[in-house]
Amino acid sequence: MKVTLYPSRILFREAKPVFEFGDALKKLAGDMAQTMKEYDGVGLAGPQANQDAKIIIVHTPEGDHTFVNPQIIQKSRETAEEEEGCLSLPGLFVNVKRAEEVEVACQTLEGETVKLKVSGLTSRIFQHEIDHVEGRLIIHRTPFLKRMRLRKKLREIANLS
Ligand SMILES: [Zn+2]
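Residues numbered from 1 in each chain as written. Predicted model: local features only at pLDDT ≥ 70, side-chain atom pairs only at ≥ 80, totals over all residues. Heavy atoms only, no water.

Colleague: Mind showing me how you'd approach the overall build of the protein here?
Modeller: In terms of helices and strands, the protein carries four helices and seven strands. Listing each helix as α and each strand as β along the protein from the N terminus yields α-β-β-β-β-β-β-β-α-α-α. Taken against the 2.2 N^0.38 rule, which gives 15 Å for 161 residues, the C-alpha radius of gyration of the protein at 15 Å falls within 12% of a compact globule. Considered along the principal axes of its C-alpha atoms, the protein spans approximately 45 × 35 × 25 Å. Burial analysis of the protein (161 residues in total) assigns 45% to the buried set. Of the contacts made within the protein by residues no fewer than 6 positions apart, 65% connect residues no fewer than 24 positions apart. Working note: accessible area of the protein is about 9000 Å², and carbon and sulfur atoms make up 48% of it. Positive and negative charge centroids in the protein, built from 24 and 23 side chains respectively, lie 9 Å apart. (Helix = DSSP H or I, 4+ residues; strand = E, 2+ residues; numbered from the N terminus. Rg over C-alpha atoms; globule rule 2.2 N^0.38 Å. Buried < 20%, exposed > 50% of the residue type's maximum accessible area, 1.4 Å probe, protein only. Contact = heavy atoms within 4.5 Å. Areas by Shrake-Rupley, 256 points an atom, 1.4 Å probe, with all protein chains shown as cover. Lys, Arg positive; Asp, Glu negative; His and termini not counted. Charge placed at Lys NZ, Arg CZ, Asp CG, Glu CD.)

Colleague: Would you explain the nonpolar core in this entry?
Modeller: Side chains of nonpolar character tend, in soluble globular proteins, to be buried together. Leu 25, Met 32, Leu 44 and Ile 55 are the most contacted members of the largest nonpolar core, which totals 16 residues. When residues of this core are traced back to their parent elements, those giving at least two are α1 (23–38) and β2 (55–60). If sequence neighbours within four positions are ignored, Leu 44 has contacts with Val 3, Met 32, Thr 35, Met 36, Ile 55, Ile 56, Ile 57, Leu 87 and Glu 129. (Core = buried A, V, L, I, M, F, W, Y, C linked by side-chain atoms within 4.5 Å.)

Colleague: Would you take a moment to explain the coordination of the zinc ion for this structure?
Modeller: Tetrahedral metal sites with four donors have an ideal angle of 109.5 degrees; octahedral sites with six donors have ideal angles of 90 or 180 degrees. Summarising the metal site, the zinc ion is bound by the protein donors Cys 86 (SG), His 128 (NE2) and His 132 (NE2), whose distances to it range over 2.0 to 2.3 Å. Spacing between the donor residues of the zinc ion along their common chain follows C-x41-H-x3-H. Of the two residues, His 128 and His 132 both sit in helix α2 (residues 120–133), four residues apart, roughly one turn of that helix. (Donors = N, O, S within 2.8 Å, 3.2 Å for Na, K, Ca; no water.)

Colleague: Can you help me understand the pattern of salt bridges in this one?
Modeller: It is possible for side chains of opposite charge to pair when their charged atoms get near one another. Under the definition given, this model contains 12 salt bridges. Note that Glu 84 and Arg 98 form a salt bridge whose closest N and O atoms lie 2.7 Å from each other. Here Arg 98 lies in strand β5 (residues 94–99) and Glu 84 lies in strand β4 (residues 79–84), a separation of 14 residues in the sequence. You can call Glu 84 buried: its relative accessible area is 5%. Relative accessible area serves as the criterion here: at 5%, Arg 98 is assigned to the buried category. With its nearest N and O atoms 3.2 Å apart, the salt bridge here joins Lys 153 to Glu 156. Here Lys 153 pairs with Glu 156, and both are found in helix α4 (residues 151–158), just three residues apart, close to one helical turn. (Salt bridge = Lys/Arg side-chain N within 4 Å of Asp/Glu carboxyl O.)

Colleague: How do you make sense of α1 when you look at a structure like this?
Modeller: Along an α-helix, residues three or four apart share an orientation, since each turn contains 3.6 residues. Its 16 residues give α1 an end-to-end C-alpha distance of 23 Å, which sits within 8% of 22 Å, the value for a rise of 1.5 Å per residue. Restricting attention to buried positions, one finds in α1 the residues Leu 25, Leu 28, Ala 29, Met 32, Ala 33, Thr 35 and Met 36. Seen from one end, α1 has its buried residues packed into an arc of 160°, which puts them on one side. Among the exposed residues of α1, those oriented more than 90 degrees off its buried face are Asp 23, Lys 27, Lys 37 and Glu 38. Where α1 is buried, its residues contact β1 (43–45), β2 and β3 (63–75). (Expected span 1.5 Å × (residues − 1). Arc of directions from axis to C-beta.)

Colleague: Help me understand α2, please; the structure alone is not making it clear to me.
Modeller: In a regular helix each residue adds 1.5 Å, so 14 residues correspond to 20 Å; α2 covers 21 Å between its end C-alpha atoms and thus fits that length. For α2, the tally of buried residues reaches 12 of 14 residues, placing the bulk of the element in the interior. Those residues of α2 that sit buried are Thr 122, Ser 123, Arg 124, Ile 125, Phe 126, Gln 127, His 128, Glu 129, Ile 130, Asp 131, His 132 and Val 133.

Colleague: When you look at unusual backbone geometry in this model, what are you seeing that I'm missing?
Modeller: Most peptide bonds adopt trans geometry, and most residues besides glycine take a negative phi value. The peptide bond linking Tyr 6 to Pro 7 adopts the cis configuration, its omega dihedral lying at 5°. Summarising the element assignment, Pro 7 is placed in the segment before α1. In this model, Asp 40 sits at a positive phi of 65°, which is unusual for a non-glycine residue. Looking at the secondary structure, you find Asp 40 in the loop between α1 and β1.

See below:
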């Protein structure tokens, strides 16, 4: 698979919820995990694989995991700011402020509903990928003036595709 690049429209709209938990979904998850590895990423969301589906892959120290229809149900008041990149925005890095800890409700590839609490880098990856399935990119998490300064880089990325 090729990662969908900015400014593809699919990256800017909310993806559709997944209702079918069958072999096609498992195959998609496998392909997405493989693509994430090939691109050396730590996360990948459906729209980045040109799929209008709420599915994300998250790399954790224990391995790569797939989450379907993920939603943030609780956020810590404590925040942290770190530099982030995105496979859909090659070469662009911006500081993004995010909640230190989040609680996520989602479904497994089998359709089972699970809730999990994550913090640190894993929490950041979840928030980044959940932003993707909701149609938001890291540039939308950047203050306006800072975003103006990214215009040249964004034009370069737009010329890649
Ligand atoms: Zn991204």
